[in-house]
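Structural overview for review
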Amino acid sequence: MAKTDKNEKTSLENMFEHALKDIYYAEKAIHKSLPKVIKAAQSAELKDALTAHREETAGQIEHLEAIFEKLGLPAKGQKCQAIDGILAEVSSVIDTFGDTAGCDAAIVFAGQAVEHYEITRYGTMRVWAVELGLSDIEAVLTTIRDQERAADEKMTALAEGSFNSVANEHEETAGEPSQRRAA
């Protein structure tokens with residue numbers, strides 16, 4: 001994307017820049033929120049996965065900063081109400097279920113909303129990069145999108161592997177599911 005007067009940029013260029021600022025803000029907010037999530041996680045496996053993803057997120061932030069530099073733009077985020085809302089839900093879920101047997105399942109539930117948000121944003125941005133002739137940037141965005149997909153798949157595997165059944169077994173011993181089914 002060549003440097004041009006703001007009025008000379010195409011709508012797609014403007015949207016791409018907006019999306020870049022949006023996802024940069026989002027990644028920084030996610031990185032900042034992950035320590036609370038990691039602390040709340042009960043299983044060592046989930047703590048490890050979240051810790052690794054936080055490190056990966058730091059790398060993604062660096063990649064985004066390199067994209068800003070390549071485009072001749074300052075690395076500056078733009079407030080994103082969508083990620084703020086999703087992260088508020090993550091916090092609420094942890095506050096509600098953090099001391100229960102279902103805590104890890106709840107973290108996966110909330111965390112996958114974050115991952116799906118990122119997957120959609122990176123997916124759109126990489127297509128726009130292709131349209132704008134930014135093949136090197138498209139390659140970076142594809143790599144990040146694939147990392148987000150892998151994080152989502154890891155959370156699914158953890159939840160299906162034990163977190164969901166642990167939460168369900170705890171409910172069954174408390175007698176709640178049978179009461180709900182009868183209602």
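A brief look at the structure comes next. Note that the structure is a prediction, hence the values are computed from the model and not measured. Every chain begins its residue count from 1, and numbering advances along the sequence as written. Whole-chain, interface and lining totals are the exception, using all residues; otherwise, since this is a predicted model, local features are given only for residues with pLDDT of at least 70 and side-chain atom pairs are given and counted only at 80 or more. In computing side-chain values, all of the structure's heavy atoms are included and hydrogens and water are not.

1. A few points about the layout of surface pockets
In this approach, a probe sized like a water molecule rolls over the atoms, and the result shows the empty space that is left. What counts is decided by this rule: Buriedness of a pocket was judged along seven lines, with at least five required to meet protein on both sides within 12 Å; pockets are open sets of points on a 1 Å grid over the protein atoms alone, cavities are sets where a 1.4 Å probe fits but cannot get out, and lining residues have an atom within 4 Å of a point. Grid points are joined across faces, edges and corners, and a volume is the space filled by probe spheres set on the points. Secondary structure elements are defined from DSSP: runs of H or I of at least 4 residues count as helices, runs of E of at least 2 residues count as strands, and each element is numbered from the N terminus.
What the largest pocket holds in volume is close to 250 Å³. Forming the walls of the largest pocket are 19 residues, and the residues nearest its centre are Leu34, Leu50, His53, Glu115 and Met155. Elements that contribute at least two residues to the lining of the largest pocket include exactly helix H1 (11–40), helix H2 (44–70), helix H3 (81–97), helix H4 (103–131) and helix H5 (135–174). Per-element accounting of the lining of the largest pocket gives the leading share, 6 residues, to H2.

2. Side note on the nonpolar core
The cut-off we apply is this: Take the buried residues of types Ala, Val, Leu, Ile, Met, Phe, Trp, Tyr and Cys, join any two whose side-chain atoms come within 4.5 Å, and each joined set is a nonpolar core. Relative accessible area decides the class of each residue, using a 1.4 Å probe on protein chains only: under 20% of the type maximum gives buried, over 50% gives exposed, and in between gives partly exposed. Between two residues, a contact is recorded if the distance between any of their heavy atoms is within 4.5 Å.
Among the nonpolar cores identified, the biggest contains 42 residues, and Ile83, Ile107 and Leu141 are the most heavily contacted of them. Elements represented by at least two residues in this core include exactly H1, H2, H3, H4 and H5. Of the residues forming this core, the biggest block, 12 residues, is contributed by H1. Excluding its chain neighbours within four sequence positions, the residues that come into contact with Ile83 are Tyr25, Ala26, Ile30, Val114 and Tyr117.

3. Description of H3
Filter applied, for reference: Expected span, for any helix, means 1.5 Å times one less than how many residues it has. This arc corresponds to the set of directions leading from the helix axis out to the C-beta atoms.
Here H3 is 17 residues long and its end C-alpha atoms lie 24 Å apart, about the 24 Å a rise of 1.5 Å per residue gives. For H3, the set of buried residues is Ile83, Ile86, Leu87, Val90, Val93 and Ile94. Along the axis of H3, the buried positions cluster into a sector of 115 degrees, meaning they face one direction only. Exposed and facing more than 90 degrees away from the buried side of H3 are Gln81 and Asp95.

4. Looking at the pattern of salt bridges
The criterion, for reference: Within this document, salt bridges are pairs made up of a side-chain nitrogen of Lys or Arg and a carboxyl oxygen of Asp or Glu, the two lying within 4 Å of each other.
Evaluation of the coordinates by the stated rule reveals 6 salt bridges. The salt bridge partner of Asp22 is Arg121, with a shortest N-O separation of 3.5 Å. Separated by 99 residues along the polypeptide, Asp22 in helix H1 and Arg121 in helix H4 bring together distant segments of the chain. Since its relative accessible area comes to 8%, Asp22 is described here as buried.

5. Some thoughts on the packing of H1 against H2
Inclusion rule: All axes here are fitted lines through C-alpha atoms, helices being fitted over the stretch that makes contact, and every angle between N-to-C directions spans 0 to 180 degrees. Any angle from 65 to 115 degrees is called roughly perpendicular, while one under 35 is roughly parallel, one over 145 is roughly antiparallel, and all others are oblique. Crossings are assigned a handedness: left-handed for a near helix turned anticlockwise from the far helix by less than a right angle, right-handed for a clockwise turn. All amino acids are sorted into three groups, where Ala, Val, Leu, Ile, Met, Phe, Trp, Tyr, Cys and Pro are nonpolar, Asp, Glu, Lys and Arg are charged, and the leftover types, Gly among them, are polar.
The N-to-C vectors of H1 and H2 enclose an angle of 160 degrees; their axes lie 9 Å apart at closest approach. When the interaxial angle is binned, H1 and H2 end up roughly antiparallel. H1 and H2 meet at a crossing whose hand is left-handed. Broken down by class, the residue content of the contact of H1 with H2 amounts to 13 nonpolar, 5 polar and 7 charged.

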